Amino acid sequence: YPVYIRFNRFISRSGTMVISQSRHHDSGTYKCGVRNRKLGTISESHETRINVKSGSPVDERAQIYVDRDRVSGLRGETVVLECIPYNTATSTILWTREDMVPLPYTAVISESSNVLIIPALTDGYQGRYYCSARQHGKIVERKHIDLILQEEPRFAIPNRNLTVMENGTLTIPCDCTGSPHPVITWYKNTEQVTTDINEDNSLTLVNVNDTTNGMYQCFCENEVGNAQATFAVSVKGPARIISNPADKTVSQGTDVTLTCEAEGSPTPSIIWLKDGNALPSDSRIKQHENLYESTIRITDVRVSDNGVYECMAINENGDDTIKTKISVKGPPFINVLPRNTVGITGSDILVPCEATASPVPTITWFRNEVQIWNDAKFEVTPLGLLIKTAHAVDGGSYMCQATNPK
């Protein structure tokens, strides 16, 4: 390109026909035809009639025709710049670049000088090119063609998983490149986001919480194509118990249910304790769990089920605990029995005995079947009987008795 049809007729790369120094014999009917090489079909335009008056003077000035003053191409492509002189007999074409920048070393100028071919387009080849008509050794007309490198939008890392702590701030980059510079649009779960977008096209999320979780898409588009990067945002937070079970007082033989609900990211694990220890292994005690909730159900409640039940929610970012007391109406149950105890002369000795019931039981102690009262030697405590400064004479048989009102 351009294709010479006759000495004064050219077809440019875009399909434009140029008739230079038209004469009477150029008069006629012209029609453009396009052939589809794959299908073998031909499409033709409407006819155009050109009349050139006989005897009209021929313009001898060195004029040039530039079909496109803006040419673009993808990286690595070969681009062609065309400059067609109207007066081929007396003028020649000279190719230059703006600011005296030399032509690309790979550039090829056609034999007629009308075409500048630039293979393997790259960044350094962008810019303004000039084609000048030279007549009798002088530049008499000059036109420019802007060469633009086009690149489809792309991301270095198209998809990422991002985490942020609860109440924190997260800035999501949109490092999309392309030429022309792409237009950026943000989406969250396919819904367009129009706020919190920064000048560099990044998206900033502040005071994040559970509602921030989701899939964020940075969509960039230019006239060459489009690309999308997806960011899976997960908000991390410590385990937190959001239920507040009340203390329960129940009768023997009934059923009781305790429920503990927690939240956090990652999803917390829920553990139940009774009086600071693992739940007793008892077929009457069933535990059920779903994603954020754990329930224990105790059937045929007994006095031995009295105690403080503790729900503990745990994840990698923290834990939370809440306690609930179950009081079973009925006679006392001694859950910590006295045991044989050996002490050192002159030291204090604690003989254990703990009981539970509702109403709260009263503990009475006996030594050799004789009731013991609080005095300088003995003290009844919630954990048992304290024998102060024990000696051999304090040995004997001790018994603890728990009673409550009927």
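A quick note: this is a predicted structure, and the numbers were derived from the prediction, not measured.

1. Points about the overall build of the protein
Part 1 of the reasoning: Counting secondary structure elements, the protein contains zero helices and 39 strands.
Part 2 of the reasoning: Its C-alpha atoms give the protein a radius of gyration of 47 Å, clearly above 22 Å, the size a compact globule of 406 residues would have.
Part 3 of the reasoning: For the protein, the spread of C-alpha atoms along the three principal axes comes to 150 × 45 × 35 Å.
Part 4 of the reasoning: Across the 406 residues that make up the protein, the buried fraction comes to 36%.

2. Notes on the pairing of strand E6 (residues 41-44)
Residues in a regular strand project their side chains so that they alternate between the two faces of the sheet.
Part 1 of the reasoning: Where strand E5 (residues 33-36) lies against E6, four bridges are found, and the strand directions are antiparallel. Residue pairing across strands places valine 34 opposite serine 43, the latter belonging to E6.
Part 2 of the reasoning: The hairpin formed by E5 and E6 contains four residues between the paired strands, and glycine 40 there has a positive phi angle of roughly 75 degrees.

3. Describing the pattern of salt bridges
Part 1 of the reasoning: Inspection of every chain in the model, using the stated rule, returns 14 salt bridges.
Part 2 of the reasoning: Aspartate 123 serves as the salt-bridge partner of arginine 75, at 2.8 Å between the closest nitrogen and oxygen. Here arginine 75, found in the loop between strand E9 (70-74) and strand E10 (79-82), pairs with aspartate 123, found in the loop between strand E14 (115-118) and strand E15 (127-135); they are 48 residues apart in sequence, far enough to count as distant.
Part 3 of the reasoning: Overall, the relative accessible area of 42% leaves aspartate 123 in the partly exposed class.
Part 4 of the reasoning: Salt-bridge contacts for glutamate 166 lead to arginine 240; the nearest nitrogen and oxygen are separated by 3.4 Å. Note that glutamate 166 is positioned in the loop between strand E17 (159-165) and strand E18 (170-172) and arginine 240 in strand E24 (residues 226-241), a separation of 74 residues in sequence.
Part 5 of the reasoning: Taking the relative accessible area as the measure of exposure, glutamate 166 reaches 22% and is therefore partly exposed.
Part 6 of the reasoning: One network of salt bridges, in which partners are shared, links Arg75, Asp123 and Glu151.

4. Overview of the sheet that holds strand E39 (residues 398-403)
Part 1 of the reasoning: The three strands lie next to each other as E36-E35-E39, forming an open sheet whose pairing is antiparallel. A single partner strand is all that each edge strand has here, and the edge strands are strand E36 (370-372) and E39. Direction aside, the axes of adjacent strands within the sheet are offset by 40 degrees on average.
Part 2 of the reasoning: For strand E35 (residues 362-367) and E36, the ladder comprises three bridges, and the chain directions are antiparallel. Bridge assignment links arginine 367 to a residue of E36, and that residue is valine 370.

5. Quick notes on the state of the cysteines
Part 1 of the reasoning: All told, the structure shown has five disulfides when counted by the stated rule.
Part 2 of the reasoning: Residue cysteine 83 pairs covalently with cysteine 131 via a disulfide, S to S 2.0 Å. Since a negative S-S torsion denotes a left-handed disulfide, the cysteine 83-cysteine 131 link at about 65 degrees is right-handed. Separated by 48 residues along the polypeptide, cysteine 83 in the loop between E10 and strand E11 (84-85) and cysteine 131 in strand E15 bring together distant segments of the chain. Just as cysteine 83 is buried, cysteine 131 falls in that class too.

6. With respect to unusual backbone geometry
Part 1 of the reasoning: For the bond from serine 179 to proline 180, the omega torsion is 0 degrees, close enough to zero to count as cis.
Part 2 of the reasoning: For proline 180, the position within the fold is in the loop between strand E19 (176-179) and strand E20 (183-188).
Part 3 of the reasoning: The omega angle of the peptide bond from serine 265 to proline 266 is 0 degrees, so this bond is cis rather than trans.
Part 4 of the reasoning: With respect to the helices, strands and loops of the structure, proline 266 is situated in the loop between strand E26 (256-265) and strand E27 (269-274).

7. Remarks on the packing of aromatic side chains
Part 1 of the reasoning: Per the counting criterion, the structure on display carries two aromatic pairs.
Part 2 of the reasoning: Between the NZ or CZ atom of arginine 142 and the centre of the ring of tyrosine 130, over which it lies, the distance is 3.9 Å.

8. Brief notes about the sheet that holds strand E13 (residues 108-109)
Part 1 of the reasoning: Here three strands make up an open sheet; going across it, the order is E10-E14-E13 and the pairing antiparallel. The sheet is open, and its two edges are formed by E10 and E13, each paired on a single side.
Part 2 of the reasoning: In this sheet, E14 lies alongside E13 in antiparallel orientation, the contact comprising two bridges. Note on E14: the bridge partner recorded for isoleucine 109 is leucine 116.

9. Notes on the side chain of asparagine 315
Part 1 of the reasoning: Topologically, asparagine 315 is positioned in strand E31 (residues 307-315).
Part 2 of the reasoning: Among the residues examined, asparagine 315 registers a relative accessible area of 11% and is labelled buried.
Part 3 of the reasoning: Looking at asparagine 315, its side chain comes within polar contact range of the main-chain nitrogen of alanine 239, at 3.2 Å.
Part 4 of the reasoning: Engagement of the side chain of asparagine 315 in a polar contact is seen with the backbone oxygen of proline 266, the distance being 3.0 Å.

10. Observations concerning the environment of threonine 16
Part 1 of the reasoning: Structurally, the position occupied by threonine 16 is in the loop between strand E2 (9-11) and strand E3 (17-19).
Part 2 of the reasoning: According to the relative accessible area criterion, threonine 16 is partly exposed, its value standing at 26%.
Part 3 of the reasoning: Sequence separation between threonine 16 and methionine 100 is 84 residues; the distance between their C-alpha atoms is 30 Å.

Rules used throughout
Residues numbered from 1 in each chain as written. Predicted model: local features only at pLDDT ≥ 70, side-chain atom pairs only at ≥ 80, totals over all residues. Heavy atoms only, no water. Helix = DSSP H or I, 4+ residues; strand = E, 2+ residues; numbered from the N terminus. Rg over C-alpha atoms; globule rule 2.2 N^0.38 Å. Buried < 20%, exposed > 50% of the residue type's maximum accessible area, 1.4 Å probe, protein only. Pairing = 2+ DSSP bridges. Salt bridge = Lys/Arg side-chain N within 4 Å of Asp/Glu carboxyl O. Axes fitted to C-alpha atoms, helices over the stretch in contact; angles between N-to-C directions. Disulfide = S-S within 2.5 Å. Phe/Tyr/Trp six-rings, centres within 6.5 Å; stacked < 30°, edge-to-face > 60°. Lys NZ or Arg CZ within 6 Å of the ring centre and 35° of its normal. Polar contact = N/O pair within 3.5 Å; in protein donor to acceptor, adjacent residues only side chain to side chain.

Purely geometric numbers; function is a separate question.
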